[in-house]
Amino acid sequence: MTTTATFIGLGVMGYPMAGHLARAGLEVRVWNRTAAKAEQWISEYSGKACTTIAQAVEGANFVMACVGADRDLIEVFEGENGIIANAPEGAILIDHTTASAGVAERLAAAAAKRNQAFIDAPVSGGQQGAENGKLTVMCGGPEEAFAKAKPVMDHYGRAVNLMGPAGSGQKTKMVNQIAIAGLVQGLSEALHFAEQANLDVARVVDVISKGAAQSWQMENRSGTMIEGEFNHGFAVDWMRKDLGICLEEANKINATLPVTALVDQFYADVQAMGGSRWDTSSLIQRLRKFR
């Protein structure tokens, strides 16, 4: 039998993720708030563009969503026109949005009342990872549902892992963003120092990347940071949304995140500089401006 998968939300991540499902031979239906995006998608991939969420999820085995934030999730999942009310019993609902753990737990409970399984499954790897099918997917939800859903998510994920019950995927993504924030600020300061010291910055990076200072950010972003190019991925606006989620959760669980809070404010400075859509490595521009 053909597996039917619905994808709700065709942004920079959802668009290619849904495309991988179509290429894998699944029967794919898509819905997007802006209908033109769904029409564009079916011009590139095999599938069906639906005009309503109810139409898109009817009879679906799997329903994936990748939207903006908590309020968007509540809008597409809840209510008489939402995913939960219209997807069949037994459907597995997978949310790839980076959102709060609280909304994941809320939607998991609502889905369970309809005999549906809910998996919160935020991703890391950015637009490039989505396009290349090499995302890291951090999941929270029931083990049985995850076992069924993993082969589907494997079409766009290179590492798909269950981290615990509902909300655990979102909390793991928070850990990821906390780690990235500190790393990018540290790399920005290092490169800025090298510039101010009149060193050959590229050569410095080549040397120190062979030792303990090496990181994914250094390997993949230092060159563009040196050149002042910041159109290579996850936007500052999105990072601030994510860090806000991290800081809110930290208050709930009594975790102390002084560096994260500080870097969040540095990103606010980047926004004020007009860098809302720059990628997260643009922290170095703040140092160059205020030197």
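Our subject is the structure that appears above.
(A) Spotlight on the overall build of the protein chain. Helix and strand counts for the protein chain stand at 14 helices and nine strands. Its C-alpha atoms give the protein chain a radius of gyration of 20 Å, near enough to 19 Å, the size a compact globule of 291 residues would have. For the protein chain, the proportion of its 291 residues judged to be buried stands at 49%. Put simply, the protein chain has 26 plus and 31 minus side-chain charges, and the middle of one group is 1 Å from the middle of the other.

(B) Examining the nonpolar core more closely. Leu-21, Val-30, Trp-41, Met-64, Ile-94, Ile-119 and Met-153 are the most contacted members of the largest nonpolar core, which totals 36 residues. Among all residues touching Ile-94, those that are not within four sequence positions of it are Phe-62, Val-63, Met-64, Ala-65, Ile-119, Ala-121, Ala-149 and Met-153. By size, the runner-up hydrophobic cluster in this structure holds 24 residues, among which are Ala-60, Ala-65, Ala-91 and Ala-104.

(C) A look at the pairing of strand β6 (residues 117-120). Burial of the side chains of β6 extends over both faces: Ala-117 and Ile-119 are buried on one face and Phe-118 and Asp-120 on the other. Pairing of strand β5 (residues 92-95) with β6, which is carried by four bridges, proceeds in the parallel orientation. Considered in β6, the bridge of Asp-95 is made with Asp-120. Handedness of the β-α-β unit built from β5, helix α6 (residues 101-113) and β6 comes out right-handed.

(D) Geometry of the side chain of Thr-98. Relative to the assigned elements, Thr-98 resides in the loop between β5 and α6. A distance of 2.7 Å separates the side chain of Thr-98 from the side chain of Lys-173, its partner in a polar contact. Once residues within four sequence positions are removed from consideration, Thr-98 is found in contact with Gly-68, Pro-122, Gln-170, Lys-173, Lys-241, Asp-242 and Ile-245.

(E) Geometry of the pairing of strand β1 (residues 4-8). Of all five residues making up β1, five are buried, and the element is well covered by its neighbours. The alternating pattern of β1 places Thr-4, Thr-6 and Ile-8 and Ala-5 and Phe-7 on opposite faces, both of which are buried. As judged from the five bridges shared by β1 and strand β2 (residues 27-31), these two strands associate in the parallel manner. Pairing of Ile-8 across the sheet is with Trp-31, part of β2. Crossover β1 to β2 through helix α1 (residues 14-23) is right-handed. For β1 and strand β4 (residues 62-65), the ladder comprises four bridges, and the chain directions are parallel. Bridge pairing in β4 links Thr-6 to Val-63.

(F) Up close: the state of the cysteines. Counting across every chain of the model gives zero disulfides. Among the cysteines around Cys-66, which has no disulfide bond, Cys-139 carries the closest sulfur, lying 13 Å off. Looking at Cys-66, the relative accessible area reads 13%, which means it is buried. For Cys-139, a relative accessible area of 0% translates into the label buried.

(G) Spatial organisation of the packing of helix α9 (residues 168-196) against helix α13 (residues 258-272). Interhelical geometry of α9 versus α13 gives an angle of 65° and a closest axis separation of 9 Å. Note on packing geometry: the crossing formed by α9 with α13 is left-handed. When α9 is examined against α13, the residues Ile-178, Ala-181, Gly-182, Val-184 and Gln-185 are found in contact with a partner set consisting of Val-259, Thr-260, Val-263, Phe-266 and Tyr-267. Of the residues that constitute the contact of α9 with α13, the class distribution is seven nonpolar, three polar and no charged.

Reading the values: the criteria
Residues numbered from 1 in each chain as written. Predicted model: local features only at pLDDT ≥ 70, side-chain atom pairs only at ≥ 80, totals over all residues. Heavy atoms only, no water. Helix = DSSP H or I, 4+ residues; strand = E, 2+ residues; numbered from the N terminus. Rg over C-alpha atoms; globule rule 2.2 N^0.38 Å. Buried < 20%, exposed > 50% of the residue type's maximum accessible area, 1.4 Å probe, protein only. Lys, Arg positive; Asp, Glu negative; His and termini not counted. Charge placed at Lys NZ, Arg CZ, Asp CG, Glu CD. Core = buried A, V, L, I, M, F, W, Y, C linked by side-chain atoms within 4.5 Å. Contact = heavy atoms within 4.5 Å. Pairing = 2+ DSSP bridges. Right-handed = clockwise from strand over helix to strand, strands pointing away. Polar contact = N/O pair within 3.5 Å; in protein donor to acceptor, adjacent residues only side chain to side chain. Disulfide = S-S within 2.5 Å. Axes fitted to C-alpha atoms, helices over the stretch in contact; angles between N-to-C directions. Left-handed = near helix turned anticlockwise from the far one by under 90°. Nonpolar A, V, L, I, M, F, W, Y, C, P; charged D, E, K, R; others polar.

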